[in-house]
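# Overview (structure and organization)
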Amino acid sequence: MRGESGGTYGSTMRDRAIILTMLLYFERWEEAGGIAAELAAALSSESRWYSTQTTGFSLLALGRFLRGGQNAEGPPVMAGTIALPDGEEIAFNTG
């Protein structure tokens, strides 16, 4: 996803987070799942820095997806590790 400049806080990733939020409102789970996976992969990558606005919109949209993305199979499960500043890693699983 590319960043934008020109005096705005916009970015392609922030726009995708807004689209994800709208897909959730309209209960379009399949499309929402694809964008949620895309945002999660981008946020977990260490190769890029994102603005506070982009990161905030993305985390809010992912939180809404995980909390409210209920479909016939139930809420999506998210699992992984959180790396703390001291190097310690803590595993989590929302299931």
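Structural data are supplied above this passage.
Residues numbered from 1 in each chain as written. Predicted model: local features only at pLDDT ≥ 70, side-chain atom pairs only at ≥ 80, totals over all residues. Heavy atoms only, no water.

## Quick look at the pattern of salt bridges
In this structure the tally under the stated criterion is three salt bridges. Here Arg 14 makes a salt bridge to Asp 15, at a shortest N to O gap of 3.2 Å. For Asp 15, a relative accessible area of 31% corresponds to the partly exposed category. Among the ionic pairs, Glu 38 bridges to Arg 16, the shortest N-O distance being 2.9 Å. Taken as a pair, Glu 38 in helix α2 (residues 29–44) and Arg 16 in helix α1 (residues 12–25) lie far apart in primary sequence, 22 residues in all. (Salt bridge = Lys/Arg side-chain N within 4 Å of Asp/Glu carboxyl O. Buried < 20%, exposed > 50% of the residue type's maximum accessible area, 1.4 Å probe, protein only. Helix = DSSP H or I, 4+ residues; strand = E, 2+ residues; numbered from the N terminus.)

## Topic: the packing of α1 against α2
It is the contact of α1 with α2, at a shortest axis distance of 9 Å, that shows an interaxial angle of 150 degrees. As the angle between them shows, α1 and α2 are arranged roughly antiparallel. α2 is crossed by α1, and the crossing has left-handed handedness. Facing Met 13, Arg 16, Ala 17, Ile 19, Leu 20, Leu 23 and Leu 24 of α1, the residues of α2 in contact are Trp 29, Glu 31, Ala 32, Ile 35, Ala 36, Glu 38, Leu 39, Ala 42 and Leu 43. Broken down by class, the residue content of the contact of α1 with α2 amounts to 13 nonpolar, no polar and three charged. (Axes fitted to C-alpha atoms, helices over the stretch in contact; angles between N-to-C directions. Parallel < 35°, antiparallel > 145°, perpendicular 65-115°, else oblique. Left-handed = near helix turned anticlockwise from the far one by under 90°. Contact = heavy atoms within 4.5 Å. Nonpolar A, V, L, I, M, F, W, Y, C, P; charged D, E, K, R; others polar.)

## A look at the packing of α2 against helix α3 (residues 52–68)
Here α2 crosses α3 at 135 degrees, and the two axes come no closer than 10 Å. When the interaxial angle is binned, α2 and α3 end up oblique. Crossing of α2 over α3 shows left-handed handedness. The segment α2 lies against α3, with Trp 29, Ala 32, Gly 33, Ala 36, Leu 39, Ala 40 and Leu 43 engaging Thr 55, Ser 58, Leu 59, Leu 62, Phe 65 and Gly 68. Its residues placed into classes, the contact of α2 with α3 shows nine nonpolar, four polar and no charged.

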